[in-house]
Amino acid sequence: MFIVYSDDHRHHFGKYELIDGQFVTPFECPERMDRIMQSIAAVKLGEVVEPQDFGLEPVARVHSPEYINFMRTAHDDWRQAHGNTDAMPICWPNRNLRQIVPQEIDGKLSYYSFDAGTPITAGTWQAITASVNVALTGVDLVQKGHKSVFSACRPPGHHAASDLYGGYCFFNNAAVAAQALLDGGAERIALLDIDYHHGNGSQAIFYDRDDVLYISLHGDPRQEFPYFLGYKEESGREIGEGYNCNFPLPWGTQWPEFKACLDTGLNRIQAYAPDSLVVSLGVDTYEKDPISKFRLKSEHFLEIGDQMKPNKPRSWLNPTYKTQRGPG
Ligand SMILES: [Zn+2]
């Protein structure tokens, strides 16, 4: 299996996030990727390749032009106003407030974000464009006939919607990959999200569509970030009705409960017969993750991978089914 990786992720390294009433060094940091790449090397998962540059056109198939432009200029505008610190929002256009794009950068940050855990730094743009190219290079390899590819995307993406960032995510790498597969001729894509947190951005992007089936297993939003999306009754809208499946699970969830939902989700994917499967592979369901509350052990992640294989344990309906994996 090819592993697509870019060192450019290092350009995004926020100094602070607000969590538990304190400003702390963000948990989403370059060291995360170093650990992943060290493990990939240790188990000899496959050859590591650099991403190609696909430009912004595939990004614009998922994100609005205004949002892309905001991302490109956000830190320059912030630096002019406040100096070279991390750009952070200060309020949000919540209920009883109007959805207006303000002129000044502080207001724009607030308009385009939904949390205080996602600083924009001087190198964020370089890192997020590299990360989305990592995902798109995975798509390219799958389109060239490789059965499966691991796209090591950092920053992650599944919390980012068409014009909204948060939860450490700026461009939705998995959504851009799914859309690129469709644009390359696929008819149906399944997007399986097994990160501990609900992929609110991925759900929102494909909520009224039937050409991407979104399946997510995650911490119950009644207890867990991002709180305001990811409930069981959210099943899609209009022609997308029935193509969004959420499996919210309580704090303390262990492997048997997780596996039961995974089986149900994979059966739904099998019935959908996708041309390809994109996996948002967050591994923060691990029992020792510092900000999550599921109880999966290392061996369970091997089991998850085994369950996803197209011919095992299920007989997949579509023989051209291929996989692509990438965090967030
Ligand atoms: Zn997560």
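Scroll up to find the structure this text is about.
Note that the structure is a prediction, hence the values are computed from the model and not measured.

Asks: Before we move on, could you go through the overall build of the protein and cite the residues and values that matter?
Replies: Along its length, the protein carries nine helices and 10 strands. Over its C-alpha trace the protein gives a radius of gyration of 19 Å, about what one expects of a compact globule, namely 20 Å for 328 residues. By principal-axis analysis of the C-alpha atoms, the protein measures approximately 60 × 40 × 40 Å. In the protein, buried positions account for 54% of the 328 residues.

Asks: Before we move on, could you go through unusual backbone geometry and cite the residues and values that matter?
Replies: Glycine aside, a negative phi is what most residues show, and trans is what most peptide bonds show. For the peptide bond that leads from arginine 154 to proline 155, omega is 0 degrees, which places it in the cis range. Within the secondary structure, proline 155 is located in the loop between β5 (148-151) and α6 (173-183). A cis amide bond links phenylalanine 225 to the next residue, proline 226, at an omega of 10 degrees. The residue proline 226 is located in the loop between β7 (212-219) and β8 (244-249) in this model. For tyrosine 168, which is not a glycine, the phi torsion comes out positive at approximately 75 degrees. Among the structural elements, tyrosine 168 can be located in the loop between β5 and α6. Given a relative accessible area of 17%, tyrosine 168 falls into the buried group. With a phi close to 55 degrees, alanine 273 is a non-glycine residue in the positive phi region. Within the secondary structure, alanine 273 is located in the loop between α8 (255-272) and β9 (276-280). Classification of alanine 273 as buried rests on a relative accessible area of 12%.

Asks: Can you lay out the coordination of the zinc ion for me, pointing to particular residues and giving the numbers?
Replies: The reference angle at a metal is 109.5 degrees if four donors form a tetrahedron and 90 or 180 degrees if six donors form an octahedron. Coordination sphere of the zinc ion, protein contribution only: Asp195 (OD), His197 (ND1) and Asp284 (OD), at 2.0 to 2.2 Å. Spacing between the donor residues of the zinc ion along the chain follows D-x1-H-x86-D. Here aspartate 284 lies in the loop between β9 and α9 (298-308) and histidine 197 lies in the loop between β6 (189-193) and α7 (200-206), a separation of 87 residues in the sequence. Here the two residues histidine 197 and aspartate 284 agree in accessibility, since each one is buried.

Asks: How would you sum up the packing of helix α5 (residues 124-143) against α6? Please name residues and give values.
Replies: The geometry of α5 relative to α6 is characterised by a closest axis approach of 9 Å and an angle of 35 degrees between their N-to-C directions. The way α5 lies across α6 gives a crossing that is right-handed. Along its contact with α5, which presents Ser131, Val132, Ala135, Leu136, Val139, Val142 and Gln143, the element α6 presents Asn173, Val176, Ala177, Ala180 and Leu181. The residue makeup of the contact of α5 with α6, split by class, is nine nonpolar, three polar and no charged.

Asks: Mind laying out the pattern of salt bridges, listing which residues take part and the relevant values?
Replies: Working definition: two side chains of opposite charge can pair if their charged atoms are close together. Tallied over the entire structure, the rule returns 14 salt bridges. Across the pair arginine 10 and aspartate 34 runs a salt bridge whose closest N-O atoms are separated by 2.7 Å. Of this pair, arginine 10 sits in the loop between β1 (2-4) and β2 (17-19) while aspartate 34 is found in helix α1 (residues 30-42), placing the two residues 24 residues apart along the sequence. In this structure arginine 10 comes out as partly exposed when scored by relative accessible area, which is 37%. The closest approach of N and O atoms between arginine 188 and glutamate 187, which form a salt bridge, is 3.8 Å. Residue classification places arginine 188 among the partly exposed residues on the basis of a relative accessible area of 27%. Residues joined in a network through salt bridges with shared partners are Asp7, Arg10 and Asp34.

The rules behind these values
- Residues numbered from 1 in each chain as written.
- Predicted model: local features only at pLDDT ≥ 70, side-chain atom pairs only at ≥ 80, totals over all residues.
- Heavy atoms only, no water.
- Helix = DSSP H or I, 4+ residues; strand = E, 2+ residues; numbered from the N terminus.
- Rg over C-alpha atoms; globule rule 2.2 N^0.38 Å.
- Buried < 20%, exposed > 50% of the residue type's maximum accessible area, 1.4 Å probe, protein only.
- Donors = N, O, S within 2.8 Å, 3.2 Å for Na, K, Ca; no water.
- Axes fitted to C-alpha atoms, helices over the stretch in contact; angles between N-to-C directions.
- Left-handed = near helix turned anticlockwise from the far one by under 90°.
- Contact = heavy atoms within 4.5 Å.
- Nonpolar A, V, L, I, M, F, W, Y, C, P; charged D, E, K, R; others polar.
- Salt bridge = Lys/Arg side-chain N within 4 Å of Asp/Glu carboxyl O.

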